[in-house]
Amino acid sequence: LYSSQVAMAMIINYVVGTGCFGLPYAFVEGGYGLAVSILVVGGVLATVSMVYTLEIMARAEGVTNIGDRTRPVNRIALEKFDFTRIAQIFQGAYGAWISQAGVFFYTSGLMWSYASVFGSSVSSLFSSTFLSKSCDIYAANPPVGCTTAYYVALAFFTAICLYLVLLNLSEQAVLQKFLSLYRMVAFTIMLATLAWRVGTDPSVVIRFHTRTGSPLLFRWDKFGKAFGPCFLALNCHFNLPDVMQPLKDKSRASFIGTTSMAFVVLLYLLLAILGGFAFEQVSPLVSLNWATYTGCGNGWDICLEPNRRAELVSGATRLVVLLFPVINVMSSFPMNGVTLGDNIALFLPESIERSTGVSRKALARISFSLPPLILAALFKKLDLILAIAGLFGFILEILIPCGMHLASSKYISEKWDATAAQTPYSLPFW
């Protein structure tokens, strides 16, 4: 069992995925009024559905382990109830298959993007640092050396993640705390350097209005480019059973979840607004804009004379920020592999364990973590992958938790009464 701080770190690690690096680009493309509105509304909806997720987990525990009691005691205990199992309890096999399909397609697309981002980021960082060459694996005809670096990075990523995916989340607690700390440091550096650039060079705001054709607050023709990254960046709901099961003080589950989500939304807003204003050309993967960070003037100005201190600071800053997506996906891939494998293991026959001597969970985790890695080696373009993953993310983040919340409440109310569906995780204002 782990503490509330570790649980909060786990949730932040789940939420802060590859989607956050596309927020400044979404801010520019969709218009800052539209993008900020989607992010704020999405954050509120995500928080509500997070509480709904905790409630359906508690109701599943109460109904399943009712024992000799006349009414269910709805609370989160040590037994884990993931989305598929909860759907089976309250909606039957049909609901379980719908839930499983959403989890499978979303998680597979997300893990595919993680592998591709790792390979492209490491190959680019290696080429620029050690070979003084640019490496864009997404170019029409990338150099042979760039492609080789991508595959070597992908092979390393595969070896690490297939080991980590066999560990339970409680066994990754120390690693996840470290990675969460790294995220906070990298986010702080990104926000500080962005704030410095905008604060010391207000003309960047004027240039932003010029290049976007101000006042385009709401660019409805680009709605998809704002909607996808915002909702993709807020999803962690189907991972909550994995996070909350080893939590020592489960009475704090609602506070931990809502506080973590509010904190992440605030970080996202700062990153989206400052990142959108700061750069004339915002990269879809915004961390790549730090590749030209110099530490002089507003941070991106050309150094007029040699400055050893600026060189050291800018080098360290570039390294931390450019490694951010790399570290990010190295922690997120195995956590999502655990969740996907454990969901699918429920559908595998028990005879597999007897014939192979390997647990169903281990087989499922490995078997369904490999395809995204293979796809990343065969297909490297991210646009369509992220668009589809964002759609399934919206379904998993909003529609499925709300549907199961209604179904579980109806199931218990009809079998007992409406008060029997109450849980200790509801917040007082809804």
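Residues numbered from 1 in each chain as written. Predicted model: local features only at pLDDT ≥ 70, side-chain atom pairs only at ≥ 80, totals over all residues. Heavy atoms only, no water.

> Can you tell me about the overall build of the chain, naming the residues and giving the values?
Helix and strand counts for the chain stand at 14 helices and 0 strands. Sequence-ordered secondary structure for the chain, helices as α and strands as β, is α-α-α-α-α-α-α-α-α-α-α-α-α-α. For the chain, whose C-alpha radius of gyration is 23 Å, the value lies close to the compact-globule estimate of 22 Å for 430 residues. Once the C-alpha set of the chain is aligned to its principal axes, its extents read approximately 80 × 50 × 40 Å. Taking all 430 residues of the chain together, the buried fraction comes to 54%. Partitioning the contacts of the chain with sequence separation of at least 6, the portion at a separation of at least 24 is 84%. Just so you have it, the chain exposes about 18,600 Å², and 67% of that area is on carbon and sulfur atoms. When the 29 positive and 23 negative side-chain charges of the chain are each reduced to one mean point, those points stand 2 Å apart. (Helix = DSSP H or I, 4+ residues; strand = E, 2+ residues; numbered from the N terminus. Rg over C-alpha atoms; globule rule 2.2 N^0.38 Å. Buried < 20%, exposed > 50% of the residue type's maximum accessible area, 1.4 Å probe, protein only. Contact = heavy atoms within 4.5 Å. Areas by Shrake-Rupley, 256 points an atom, 1.4 Å probe, with all protein chains shown as cover. Lys, Arg positive; Asp, Glu negative; His and termini not counted. Charge placed at Lys NZ, Arg CZ, Asp CG, Glu CD.)

> Before we move on, could you go through empty space enclosed by the protein and cite the residues and values that matter?
A complete count under the given rule lists 4 cavities of 30 Å³ or more for this structure. Here the second largest cavity defines a volume of roughly 50 Å³. Met57, Ile76, Ala77, Glu79, Lys80, Phe81, Pro241 and Gln245 are the residues that line the second largest cavity. A per-class count over the lining of the second largest cavity returns 5 nonpolar, 1 polar and 2 charged. (1 Å grid on protein atoms, 1.4 Å probe; cavity = no way out; pocket = protein on both sides within 12 Å on 5 of 7 lines; lining within 4 Å. Points joined across faces, edges and corners; volume = space filled by probe spheres on them. Nonpolar A, V, L, I, M, F, W, Y, C, P; charged D, E, K, R; others polar.)

> Which residues make up a nonpolar patch on the surface, and what values go with them?
On the surface, a cluster of nonpolar side chains totalling about 400 Å² of accessible area is made up of Leu217, Phe218, Trp220 and Phe223. Checked against the element boundaries, Trp220 lands in the loop between helix H7 (203-212) and helix H8 (223-232). (Patch = residues over 30% accessible without salt bridge, like charges linked within 9 Å, V, L, I, M, F, W, Y side chains within 5 Å. Salt bridge = Lys/Arg side-chain N within 4 Å of Asp/Glu carboxyl O.)

> Go over the environment of Lys80, please, and point to the residues and values.
Within the fold, Lys80 resides in the loop between helix H3 (32-64) and helix H4 (83-130). As a C-alpha pair, Lys80 and Glu61 span 19 residues in sequence and 8.5 Å in three-dimensional space. Excluding its chain neighbours within four sequence positions, the residues that come into contact with Lys80 are Arg85, Pro241, Asp242, Gln245 and Asp342. Looking at Lys80, its side chain comes within polar contact range of the side chain of Asp342, at 2.9 Å. (Polar contact = N/O pair within 3.5 Å; in protein donor to acceptor, adjacent residues only side chain to side chain.)

> I'd like a rundown of the environment of Ser99, residues and numbers included.
Along the chain, Ser99 turns up in helix H4. Taking the relative accessible area as the measure of exposure, Ser99 reaches 2% and is therefore buried. Between the C-alpha atoms of Ser99 and Gly19, which are 80 residues apart in sequence, the distance is 22 Å.

> Now, about helix H11 (residues 308-345): what can you tell me, with residues and values included?
The first and last C-alpha atoms of H11 sit 55 Å apart over 38 residues, in line with the 56 Å expected at 1.5 Å per residue. Along H11, the sharpest change in direction is near 40° and occurs at Phe324; proline Pro325 comes one to four residues later. By the criterion of burial, H11 is predominantly enclosed, with 28 of the 38 residues buried. (Expected span 1.5 Å × (residues − 1). Bend = angle between axes of the 7 residues up to and from the residue.)

> Requested: an account of helix H10 (residues 253-278), with residues and values cited.
Every α-helix winds through 3.6 residues per turn, so residues three or four apart in the chain are directed the same way. Between the first and last C-alpha of H10 there are 37 Å, a value that for 26 residues agrees with the 38 Å anticipated at 1.5 Å per step. With respect to burial, H10 is a largely interior element, 19 of its 26 residues being buried.

> Describe the state of the cysteines, listing the residues and the values that go with them.
With the rule as written, the count across this model stands at 1 disulfide. In this model, Cys296 is linked to Cys303 through a disulfide, with the two sulfur atoms separated by 1.9 Å. Across the disulfide from Cys296 to Cys303, rotation about the S-S bond amounts to roughly 95°, and the bridge is consequently right-handed. Using a relative accessible area of 32% as the deciding quantity, one classes Cys303 as partly exposed. Here Cys236 stays free of any disulfide, with the sulfur of Cys20 as its closest cysteine sulfur at 13 Å. The exposure class of Cys236 is buried, given its relative accessible area of 1%. Just so you know, Cys402 is unpaired, no disulfide at all, and the nearest cysteine sulfur is the one on Cys236, 14 Å from it. (Disulfide = S-S within 2.5 Å.)

> Any chance you could break down the pattern of salt bridges for me, citing the residues and the numbers?
Scanning the entire structure with this criterion turns up 7 salt bridges. A salt bridge links Lys80 to Asp342; the nearest nitrogen and oxygen atoms lie 2.9 Å apart. You can see Lys80 sitting in the loop between H3 and H4 and its partner Asp342 sitting in helix H11, a full 262 residues away along the chain. Looking at Lys80, the relative accessible area reads 15%, which means it is buried. Within this structure, Lys80, Asp242, Asp342 and Arg365 form a network of salt bridges that share partners.

> How would you sum up the nonpolar core? Please name residues and give values.
Within the largest apolar cluster, 117 residues are counted, with the highest numbers of intra-cluster contacts made by Phe157, Phe187, Tyr268 and Trp290. If you tally residues by element for this core, the top one is H4, at 14 residues. Discounting chain neighbours no more than four positions away, the residues touching Trp290 are Met190, Thr193, Leu194, Phe279, Trp300, Thr317, Arg318 and Val321. (Core = buried A, V, L, I, M, F, W, Y, C linked by side-chain atoms within 4.5 Å.)

> Run through the side chain of Thr258, naming residues and quoting values.
Relative to the helices and strands, Thr258 is located in helix H10. For Thr258, a relative accessible area of 15% gives the class buried. Engagement of the side chain of Thr258 in a polar contact is seen with the backbone oxygen of Phe255, the distance being 3.3 Å.

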